[in-house]
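# Residue-level structural notes
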There are 2 protein chains.
Amino acid sequence: MTQNLRIDGERLWGSLMETAAFGALPKGGIRRLALSDEDKMVRDWFRAACEDAGLTVTVDGVGNMFATRPGTRPDAAAVAFGSHLDTQPAGGKFDGILGVLAGLEAIRTLNDAGYVTEHPLTLANFTNEEGARFSPAMMCSGVYSRDLEAAPVLASIDNEGRTFGEELARIGYAGDEEIGARRFHAFVELHIEQGPLLEAAEETIGIVTGGQGLLWFDGTITGQDSHAGTTPMTLRRDAMTALAAVALAVEDVARQHGPAGVGTIGEVHVLPGSRNTIPGTATFKAEFRHPDNDALGAMETMMAARIAAIAAERGVGIETRRSFRKDPTVFDPMVVDAIAAAAKDFPHRRMISGAGHDAFYVASTCPTAMIFVPCKDGISHNELESATPADCAAGAQVLLDTVLRLAR
Amino acid sequence: MTQNLRIDGERLWGSLMETAAFGALPKGGIRRLALSDEDKMVRDWFRAACEDAGLTVTVDGVGNMFATRPGTRPDAAAVAFGSHLDTQPAGGKFDGILGVLAGLEAIRTLNDAGYVTEHPLTLANFTNEEGARFSPAMMCSGVYSRDLEAAPVLASIDNEGRTFGEELARIGYAGDEEIGARRFHAFVELHIEQGPLLEAAEETIGIVTGGQGLLWFDGTITGQDSHAGTTPMTLRRDAMTALAAVALAVEDVARQHGPAGVGTIGEVHVLPGSRNTIPGTATFKAEFRHPDNDALGAMETMMAARIAAIAAERGVGIETRRSFRKDPTVFDPMVVDAIAAAAKDFPHRRMISGAGHDAFYVASTCPTAMIFVPCKDGISHNELESATPADCAAGAQVLLDTVLRLAR
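Residues numbered from 1 in each chain as written. Chains lettered and ligands numbered in written order. Predicted model: local features only at pLDDT ≥ 70, side-chain atom pairs only at ≥ 80, totals over all residues.

### Considerations on the overall build of chain A
- Regarding its fold elements, chain A presents 12 helices and 15 strands.
- Rg of the C-alpha trace for chain A: 24 Å, near the compact-globule value of 22 Å for 408 residues, within the 12% margin.
- In terms of its C-alpha atoms, chain A occupies a principal-axis envelope of roughly 80 × 45 × 40 Å.
- In chain A, buried positions account for 57% of the 408 residues.
- At a minimum sequence separation of 6, the contacts of chain A that also span at least 24 residues come to 79%. (Helix = DSSP H or I, 4+ residues; strand = E, 2+ residues; numbered from the N terminus. Rg over C-alpha atoms; globule rule 2.2 N^0.38 Å. Buried ≥ 20, exposed ≤ 12 C-beta atoms within 10 Å, placed from the backbone. Contact = placed C-beta atoms within 7 Å.)

Take a look at the structure:
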């Protein structure tokens, strides 16, 4: 059955390039912040395209858009798919957008074939996935899943003092559908990988089985400022070399929990910051990620022991504070298996998502999984973000085939 | 002979505490920037004290003060000693000041005993050793030795736009003596160690045989910014972990050239500086010091090899640039031996100065060496700088005895 339905890669690419004009930047990227004029433009385009395709578009109280195609069993819950159309301040043409427009392409392909599924189909565009204008990220899939409350989201303020609620009304997308009332039979999100694995392995499809658990911790190292010329190596309490030891310990702990574990120190400050003064203070912000909750706990325990050893060996104080922890997400086996079946003719791998996505919130409401396609050099959140027409088409084809397996 | 002449430790301490009032700060330190009103006050006090002690005070064109006591051989060049009376913006009561006031105490002791040396004696107060108000440090011993030119020093400007020359005239210390015309038979500078070695070893006197050579180098590490969640450890080009490896290599290279060699990274910047982004760029400012010139060269060579290995292993670029190099200073064996003979009854060690001092410039004009006494926790350039009355007295005693050995 599904072999006969081939998505139109050129039509999909055309949609991607056409919508890339809304907020286009000089280097090929897009600035399309949530609830901006550019977001209104792409939403208007999307609504019109959906209506042209015969879909019924509804909008909920935080601007999430749902475009539904009836099935042969009107009592059945819809199989849903989609992502988001907003971008980072200097984002790319694919992050989120591919998932929505590939969904539109799947609908158009079904229309062209006159094929009607048993379950209804719903194509979703979630508001403010990026969190760049209003924080946090994945804001409105979070409200949809009721992990976040609507009232503080509507009251949240951008850098210029405008509220989410005012801006949502201004662009005409404060909808009347009750938030979260619409629940799905299953949800599938197609997305660029935002990492380098598929490209490096020359694979086309990632079958995403879950998301990493996340541990954030902050640290302060307290040594002793002293004169770089007069203090011998043996009498130093150098916060910089202690920080170096901590950074290499973070790396080693992650490697020992590899290949799935990762660890990063992304932000450091070393004081007083003068070439000929031994630093007395260093602060750092670090994180570990792992798809297995026990492994993430083991990383935290191992790191605490390493830090204690470094502090003792170097005569410095190291205080750390856990600032955030999120358990791993495990996607639904039925949806994962449907994707795997749909992907069997493409070079593929099962993998974990390193980044956050709307699907992680939706997963708490219905069986959910994700499809990844490669992006160039693993780069995203950047105007240089790039994906090939062939990979976008492959992703759309796997999305369509997965949806057909789920919606019959 | 010299055993009979004992300096008066209480009188010396009294001088230190009396002059500490000029620019006194609440926590016990001093703010007495070069050519400030407070500097004028301490200079006026010093001039009067010298004249009371029968010395002839002259001032050169950059404000260096020379107070001379005649010898029995008026044709002989003077044996000189002294240091500086200016302080850091929040400095201590001993840095520089001890060397000048211990010299005054030595003169007073000779006066009390009616003892006249063969060589004349000259007590020196050099202008702006600290370099805190007008840069660089050791400014006017540098002009005295003709390593620096007078004209740019007189034209140099403080943070409020006032020139050195204007301020020197304003406080009345633009002297008429030709700069550098007065040369000495020998020069001895007593100073607090500004490091922890003597205190840690419970020793009283450091016989300073020279100053370290210095190598400054700047580095830029170029990796690849990427997503901390989606980039596996094996595919990272992390500038932060490369910086950590460089910092530990600096430490190891210094330790391998220990105990005299030291190495420090005092300033770092890691970009873009976000917890969940792997840093793509890191910059650092580093230095090595060693009293042996060949060893300093070997440290530089070894570090270059380490950096090349780190860059290759981690797939990052590391560019370094040597920004400054100063050869080691070797003090005169005759003066060093005289200090050693004078120090024989005190717990002592031969050592190298890690910090810069006026004596380093004077050393290019006449046989020179230095005497160190301990300071608490090695701390200086800080209101907490502290030295005991007993150690100050011991230093003054060794200074007097050294001067008597040199001046006969």
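### Observations regarding the relation of the copies chain A and chain B
- Of the two same-sequence chains, chain A is brought onto chain B (RMSD 0.2 Å, axial shift 0.1 Å) by a rotation of 180 degrees. What the rotation and shift describe, once combined, is the action of a two-fold rotation axis. The rotation axis passes nearest to the C-alpha of Ala244 of chain A in chain A, at a distance of 2.0 Å.
- Most of the interface of chain A is mirrored in chain B, where 100% of its interface residues again form contacts. (Least-squares fit on C-alpha atoms with pLDDT ≥ 70 in both.)

### As for helix H9 (residues 293-314) of chain A
Residue and element names in this part refer to chain A.
- Given a rise of 1.5 Å per residue, 22 residues ought to cover 32 Å, and the 32 Å separating the end C-alpha atoms of H9 matches this to within 8%.
- The complete set of buried residues in H9 reads Leu296, Met299, Met303, Ile307 and Ile310. Angular distribution of buried residues about the axis of H9 spans 70 degrees; they occupy a single face of the element. The exposed residues of H9 that point more than 90 degrees off its buried face are Asp294, Thr301, Ala305, Ala308, Ala309, Ala312 and Glu313. (Expected span 1.5 Å × (residues − 1). Arc of directions from axis to C-beta.)

### Section: the sheet that holds strand E12 (residues 317-326) of chain A
All names here are of chain A.
- Overall, antiparallel pairing links the four strands, which are arranged E9-E11-E7-E12 in an open sheet. The open sheet has two edge strands with one neighbour each: strand E9 (262-271) and E12. This sheet shows a mean twist of 15 degrees between the axes of neighbouring strands, independent of strand direction.
- Pairing between strand E7 (residues 213-222) and E12: nine bridges, direction antiparallel. Along E12, the bridge assignment pairs Thr222 with Gly317.
- Across the face of the sheet, H9 comes into contact with E7, strand E11 (281-290) and E12 while running at roughly 155 degrees to E11. (Pairing = 2+ DSSP bridges. Axes fitted to C-alpha atoms, helices over the stretch in contact; angles between N-to-C directions.)

### Some points on unusual backbone geometry
- Geometrically, the link from Gly258 of chain A to Pro259 of chain A is a cis peptide bond, its omega value of 0 degrees lying close to zero.
- In this fold, Pro259 of chain A is placed in the loop between helix H8 (239-256) and E9.
- Located in the positive-phi region is Gln194 of chain A, a residue other than glycine, with phi close to 60 degrees.
- Relative to the helices and strands, Gln194 of chain A is located in the loop between strand E5 (186-192) and helix H7 (197-201).
- A positive phi angle, near 60 degrees, is found at Asp377 of chain B, a position not held by glycine.
- Topologically, Asp377 of chain B is positioned in the loop between strand E15 (368-373) and helix H12 (389-407).
- Residue classification places Asp377 of chain B among the partly exposed residues on the basis of 16 C-beta atoms within 10 Å.

### With respect to the sheet that holds strand E7 (residues 213-222) of chain B
Residue and element names in this part refer to chain B.
- Strand order across the open sheet formed by four strands is E9-E11-E7-E12, with antiparallel pairing between neighbours. With partners counted over all chains shown, the strands left at the sheet margins are strand E9 (262-271) and strand E12 (317-326), one partner each. Strand after strand, the sheet turns through a mean of 15 degrees between neighbouring axes, direction not considered.
- Lying on the sheet, helix H8 (residues 239-256) is in contact with E7, E9, strand E11 (281-290) and E12; it crosses E9 at an angle near 175 degrees.

### Digging into the nonpolar core
- Grouped together as the largest cluster of nonpolar side chains are 93 residues, with contacts concentrated most on Leu98, Ile339, Ile371, Leu399 and Val403 of chain B.
- The element that contributes the greatest number of residues to this core is H12 of chain B, accounting for 11 residues. (Core = buried A, V, L, I, M, F, W, Y, C linked by C-beta atoms within 7 Å.)

### Comments concerning the interface of chain A and chain B
- Listed per partner, the contact involves 49 residues of chain A and 49 residues of chain B.
- When residues of the side of chain A that touches chain B are traced back to their parent elements, those giving at least two are H7, strand E8 (226-227), H8, E9, strand E10 (277-278) and E11 of chain A.
- When residues of the side of chain A that touches chain B are assigned to their parent elements, the largest contribution, nine residues, is made by H8 of chain A.
- Here the side of chain A that touches chain B is composed, by residue class, of 22 nonpolar, 19 polar and eight charged. (Nonpolar A, V, L, I, M, F, W, Y, C, P; charged D, E, K, R; others polar.)

### Describing the pairing of E7 of chain A
- Where E7 of chain A lies against E11 of chain A, 10 bridges are found, and the strand directions are antiparallel. From the neighbouring strand, Leu215 of chain A faces E11 of chain A, where its bridge partner is Phe288 of chain A.

### A short note on the packing of helix H1 (residues 9-19) of chain B against helix H3 (residues 97-113) of chain B
Residue and element names in this part refer to chain B.
- Look at H1 against H3: their axes get within 9 Å of each other, and the N-to-C directions meet at 135 degrees. With respect to H3, the axis of H1 lies oblique. The chirality of how H1 crosses H3 is right-handed. On the side of H1, the interface is formed by Arg11, Leu12, Ser15, Leu16 and Thr19, while H3 contributes Ile97, Leu98, Leu101, Ala102, Leu104, Glu105 and Arg108. (Parallel < 35°, antiparallel > 145°, perpendicular 65-115°, else oblique. Left-handed = near helix turned anticlockwise from the far one by under 90°.)

### Examining the environment of Glu193 of chain A
- Relative to the helices and strands, Glu193 of chain A is located in the loop between E5 and H7.
- Under the C-beta neighbour-count criterion, Glu193 of chain A is labelled buried, with 26 such atoms within 10 Å.
- Taking C-alpha positions, Glu193 of chain A is 26 Å from Met41 of chain A, a pair spaced 152 residues apart along the chain.
- Look past the residues within four positions of Glu193 of chain A in its chain and what remains in contact with it is Leu198, Gly206, Phe372, Val373, Pro374 and Cys375 of chain A together with Thr230 of chain B.

### Describing the environment of Thr87 of chain A
Residue and element names in this part refer to chain A.
- By the element assignment, Thr87 lies in the loop between strand E3 (79-83) and helix H3 (97-113).
- Along the backbone, Thr87 and Arg237 are 150 residues apart, and their C-alpha atoms lie at a distance of 46 Å.
- Setting aside chain neighbours within four positions, we find Thr87 in contact with Gly23, Ile30, Arg31, Arg32, Asp95 and Glu130.

### Considering the environment of Ala244 of chain B
- Structurally, Ala244 of chain B is set in helix H8.
- If we ignore the near neighbours within four places in the chain, the residues touching Ala244 of chain B are Ala244, Ala247 and Leu248 of chain A.

### Here we look at the pairing of strand E1 (residues 56-59) of chain A
All names here are of chain A.
- In terms of strand pairing, E1 meets strand E2 (residues 65-69) through four bridges, oriented antiparallel. When the bridges of E2 are listed, Val59 appears paired with Met65.
- The antiparallel hairpin formed by E1 and E2 contains five residues in its connecting segment, where Gly63 sits at a positive phi of about 90 degrees.

### Quick look at helix H2 (residues 37-52) of chain B
Residue and element names in this part refer to chain B.
- Spanning 16 residues, H2 covers 23 Å between terminal C-alpha atoms, matching the ideal 22 Å at 1.5 Å per step.
- Of the residues making up H2, those classed as buried are Glu38, Asp39, Val42, Arg43, Phe46, Ala49 and Cys50. The arc that holds every buried residue of H2, seen down its axis, measures 135 degrees, which confines them to one face. Residues of H2 that are exposed and point over 90 degrees away from its buried face: Asp37, Ala48, Glu51 and Asp52.
- Buried positions along H2 lie against H1, strand E1 (56-59), strand E2 (65-69), H3 and strand E4 (121-125).
- Following H2 by one or two positions, Gly54 has its phi on the positive side, about 85 degrees.

### Structural notes on the packing of helix H1 (residues 9-19) of chain A against helix H12 (residues 389-407) of chain A
Residue and element names in this part refer to chain A.
- Two elements in contact, H1 and H12, have axes whose closest approach is 9 Å; the angle formed by their N-to-C orientations is 110 degrees. In this view, H1 runs roughly perpendicular relative to H12, as classed from their interaxial angle. Residues Gly9, Leu12, Trp13 and Leu16 of H1 lie in contact with H12, whose contacting residues are Pro389, Cys392, Ala393 and Ala396.
- Among the residues forming the contact of H1 with H12, the class breakdown is seven nonpolar, one polar and no charged.

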